[in-house]
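Architecture and fold: a report
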Amino acid sequence: MKDLSNYTLTFSDEFDSHSISQNGGGTTWADIRPEWRFDANSDIGFGRSSFVDAASGYDPFKVQDGVLTITAVPDRTPYGMPGSWESGLIHTRGSFQQTYGYFEMRADFSEAKGAWDAFWLLPTQQINQGKNGGWQELDIVEHYGNNPNGVYRWLHTTDAHADPNADLQVYSEHAGITTGFHTYGMDWQADTISFYFDGQLVGTKATPSDMHGPMFILANLAMENGADPSAPPAEMKIDYIRAYAEQPAVVTPPPEPVNIVTGTAGNDVLRGTSGRDRVIGGEGSDTLIGGKGADELIGGDGQDTASYANAQQGVTASLLDPSKNTGDAAGDTYSSIERLIGSDYNDTLEGDAGDNILNGGKGADRMIGGGGNDVYFVENTWDIVIEAAKGGNDLVITTTSYKLAAGQEIETLRSAEGSGSLTLTGNEIDNYLYANESATKLYGGLGRDVLVGGKGDDWLSGDAGSDRLTGGAGRDTFVFSTAPRAGEYDVITDFNVVDDRIALSLAAFGKAGAAPGALDPSAFYADTGNTAHAASDRIIYNSKTGDLFYDADGTGPDAAIRFAQTQPGLALTADDFFLIG
């Protein structure tokens, strides 16, 4: 038998009373997972079942003689997934969670075909969800009516395993588990996780690297395909659920009562208190403001935001690992949150593997993306945006002049409308740079870049690499500041001989003139070919192809090098060019 003499009882429900509600407020259990809410009175469930609350018109829970019975019936109410079975799930999220310890349930499982009994743990916050196709979950027991004697136990993790069935599953068979009560236990330690049936050890696995944070309890009866709606209802009976911790107990109960704030079907702005809040957005794209205290921010459907805009000091807020959180974000956890807003001070905001929007605010902020297609709002030149390689297709929108840091795989840099004249600079990868309606300077960097002007008088410099330059409206200047190289040239898509000009750096086009200023007419030649016709020719325009060439020695032996291509048939003259230092 499992020796519990060195353990402390930290949680127990002997089911002497019915203590279940939708959100767990004032009760031991909640019966709807906020992030999986389907409608007003149901959890979307899994398998072929939805999990309903008594307010649906059907109560799947009955407590009698110290036993909780969960009964699954064919679709009975207007709530839940249409056509699904209606059954029950209970969980302690927000009321009890624990790191490590022994967890046990005494239950009599259903023998109905298609029944799916489960007793399991989930973390208060997923870490690296989706990495290696995994997530964090400890299945203490799963039982299927289609295999009445089988007991399945799983460790779900983001750790890589060559043979997950061998490394992460403990399976055993026991006769009679659907004809009476038996105990199902798990001893979770820092280095091992062991599973028990009726107090006897049946298997041990190494603890994954991501199983070292608090987890809450769940139990449910689901239904699978193949369940017979004409058969008697499936029933799961639970005598008790208990949790123990080795002395001294490592328990993380809520420090104070939870204030619950729930949104509507629209786009809500929901505010917590200075204490511990559970803020639930529900449907719509909501903004959740937990305030001070350790808050649980649950977005639900839509694109939801956790905002720290009102914080009076800088915060660290991480969707990936909330244990890093500081300031007003300290102790906060997130579920179905896609966006973060920082304070007016120096913040650190971190996304997760999904598509995130991070807005640091006015301070000098550090914003860190993940695997998704992320958007960053920059308001301070000293903001740092960090984005790893192969981390999605990412966008920075800035209200201030900004340069992308080297080594960060950020594809697009855009100046915000209404932010005035800015200077935007790319880095070594292939960037897209976009101006706003004001005069903007765009510098591409080392990659194969796309620069797009706006309505203002813009300055577009592709720098190294073969770039694509579009001036847009206004009197634009296309700048060439790097020495021409064979096989590399920029494409100017919309040169206007009335309004636009081409600037040539003397450092790169030194033979084009002696000093900054206008290009000497004798240094320009336009024809339908690619070669100089006089010793003084330096810039050659092929009016048939639109190609522009630089010839350092005119009719000398050195070959002309194409450095740009614009539209063919333009009435280009030397007046369209000027030299810069």
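Residues numbered from 1 in each chain as written. Predicted model: local features only at pLDDT ≥ 70, side-chain atom pairs only at ≥ 80, totals over all residues. Heavy atoms only, no water.

This part is about the pairing of strand 20 (residues 234–246). As defined by bridge partners, strand 1 (residues 7–13) adjoins strand 20 across 6 bridges and the pair is classed as antiparallel. Note on strand 20: the bridge partner recorded for D13 is I241. Note that strand 8 (residues 67–72) and strand 20 share 5 bridges and pair antiparallel. Paired with L68 across the bridge in strand 20 is I238. As paired strands, strand 11 (residues 101–108) and strand 20 are joined by 7 bridges and run antiparallel to one another. The residue bridging A107 from the neighbouring strand is I238, located in strand 20. (Pairing = 2+ DSSP bridges. Helix = DSSP H or I, 4+ residues; strand = E, 2+ residues; numbered from the N terminus.)

Turning to the pattern of salt bridges, a few remarks are in order. Here the structure, examined in full by the defined rule, presents 12 salt bridges. Put simply, K324 and E350 hold a salt bridge, and the shortest N to O gap is 3.0 Å. With a gap of 26 residues between them, K324 in the loop between strand 27 (316–318) and strand 28 (333–335) and E350 in strand 30 (residues 348–350) connect regions that are remote in the sequence. A salt bridge links R485 to E488, with the nearest nitrogen and oxygen atoms 3.7 Å apart. Judged by its relative accessible area of 28%, E488 is partly exposed. Linked by salt bridges that have partners in common, E35, R93, R278 and E296 make up one network. (Salt bridge = Lys/Arg side-chain N within 4 Å of Asp/Glu carboxyl O. Buried < 20%, exposed > 50% of the residue type's maximum accessible area, 1.4 Å probe, protein only.)

Attention now moves to the domain arrangement of the chain. Taken domain by domain, the chain comprises domain 1 (7–246) and domain 2 (252–392). Placing the centre of domain 1 and that of domain 2 at their C-alpha centroids yields a distance of 29 Å. Across the boundary between the two partners, domain 1 contributes 16 residues, which contact 18 residues of domain 2. Both faces considered, domain 1 and domain 2 share a buried interface measuring about 1500 Å² in area, 46% of it formed by carbon and sulfur atoms. Here domain 1 and domain 2 share 1 salt bridge between them. Between E296 and R93 there is a salt bridge, with the nearest N and O atoms lying 2.4 Å from each other. At the boundary of domain 1 with domain 2, the tally comes to 6 residue pairs in polar contact (both at pLDDT 80 or more). Split by residue class, the side of domain 1 that touches domain 2 holds 3 nonpolar, 11 polar and 2 charged. (Domains from an automatic or database assignment. Contact = heavy atoms within 4.5 Å. Buried area = accessible area lost by both parts, 1.4 Å probe. Polar contact = N/O pair within 3.5 Å; in protein donor to acceptor, adjacent residues only side chain to side chain. Nonpolar A, V, L, I, M, F, W, Y, C, P; charged D, E, K, R; others polar.)

Our focus in this paragraph is the environment of E224. Assignment of secondary structure puts E224 in the loop between strand 19 (215–223) and strand 20. Those residues in contact with E224 that sit more than four places away from it in its chain are R48, G114, W116, Y144 and N146.

Residue placement: S419 occurs in the loop between strand 37 (412–415) and strand 38 (423–425). The exposure class assigned to S419 is buried, which follows from its relative accessible area of 18%. Within the local environment of S419, its side chain forms a polar contact with the side chain of N436, the two groups lying 3.0 Å apart. Those residues in contact with S419, other than ones at most four positions away along the chain, are T398, T399 and N436.

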